[in-house]
Amino acid sequence: MSRFESYIAIDWSGAKGRRHKGIAIAEARRDAPPRLIRPGHIWSREEVLRWLIKRAAREPTLFGFDFSFAPPIVERGEYLVGEPGVPNTAREFWAYVDARCDDEDLGAASFLEHVHRKHFYFGIADGVKADFVRFRQCDARLNAQGGRKTASAYDAIGAAQVAKASFSGMRLLHRLDGKVAIFPMDPLPESGSAVVEIYTRIYLRRAGMSGTKLRTRAELNAALDELGSRRVRLGFEPNDHQTDALVTAAGMRALAREEPRAFAPEGLTPEIARTEGWTFGVL
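On a predicted model such as this, the values are computed, not experimentally measured, just so you know. (Residues numbered from 1 in each chain as written. Predicted model: local features only at pLDDT ≥ 70, side-chain atom pairs only at ≥ 80, totals over all residues. Heavy atoms only, no water.)

Draft legend 1. Summary view of the overall build of the protein chain. Across its full length, the protein chain carries nine helices and six strands. For the protein chain, the spread of C-alpha atoms along the principal axes amounts to about 50 × 35 × 35 Å. Relative to its full complement of 283 residues, the protein chain shows a buried share of 56%. Considering only contacts in the protein chain between residues 6 or more positions apart, those separated by 24 or more positions represent 65%. (Helix = DSSP H or I, 4+ residues; strand = E, 2+ residues; numbered from the N terminus. Buried < 20%, exposed > 50% of the residue type's maximum accessible area, 1.4 Å probe, protein only. Contact = heavy atoms within 4.5 Å.)

Draft legend 2. Structural view of unusual backbone geometry. Residue Pro184 is reached from Phe183 by a cis peptide bond, and omega for that bond is 5°. On the secondary structure map, Pro184 appears in the loop between β5 (181-182) and β6 (194-197). Of note in the backbone geometry, Arg30 takes a positive phi value of approximately 20° without being a glycine. The residue Arg30 is located in the loop between β2 (24-29) and β3 (35-36) in this model.

Draft legend 3. Molecular detail of the pattern of salt bridges. Applying the stated rule across the entire model yields 25 salt bridges. Between Arg55 and Glu27 there is a salt bridge, with the nearest N and O atoms lying 2.4 Å from each other. Of this pair, Arg55 sits in helix α1 (residues 45-58) while Glu27 is found in strand β2, placing the two residues 28 residues apart along the sequence. Classification of Glu27 by relative accessible area gives buried; the value is 2%. The residue Asp31 makes a salt bridge to Arg257 at a minimum N-O spacing of 3.2 Å. Of this pair, Asp31 sits in the loop between β2 and β3 while Arg257 sits in helix α8 (residues 240-258); the two residues are 226 residues apart in sequence, bridging distant segments of the chain. Take Asp31: its relative accessible area is 55%, and that puts it in the exposed class. A relative accessible area of 26% places Arg257 in the partly exposed class. Among the ionic contacts, a cluster of salt bridges with common partners joins Glu27, Arg29, Arg35, Arg55 and Glu59. (Salt bridge = Lys/Arg side-chain N within 4 Å of Asp/Glu carboxyl O.)

Structure follows, in structure tokens:
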């Protein structure tokens, strides 16, 4: 049985601006059906940060964010190959990113578009996409297991890109550092709350789904059934950000309760924990 009282999934956004319709937050408590937190509210990233710090102090909660906690480094030995003065651990890299961004609301578009532009793929004018795309060790492990994680932290174009969300998320992690445990950069604490990286497709696969987005209550509840969760009762048809958060919150709860390897996955070494991190649910 997991020690956490609640499991909260946060569908993140790296979009420019101060308010983000793409942010959705869902909670799965003990045996209750998952629920959306402030479903009609349009969150800012800074607001999520403040809310999380207060909520983490209230009771032991496992929070999940759907962005990469660090870029790849193990394969090539550097986050930004050939750039002097770039740190080589995740925690130091968060501070490096945060110090070089003046974008509003923890945005990081300027880091990708100007500060280190040559490392990010924005389209065919940049050349061959394969020259930019690299993956972390946990991503490679998930792909080997059929998890189909194809987005890279260096791919900054298209609906499936994760670069902007990930680098804005690193700014958030820098602000969280020392206030809430960030796994696996921090060891899982014996008590209190923690933050992990999540990937929705993992929980859709555990629910027997194809991995495509869910956009109806019927699809959502079918997934929850397979995860051993009670169904939700919504008075509206959810969008895909909301279903991602609801399924993932329920999936995090099931994983933490049922899987002994949840916080000790095969392949997670101390070096990887310090530098690249790991996605909760890649076993």
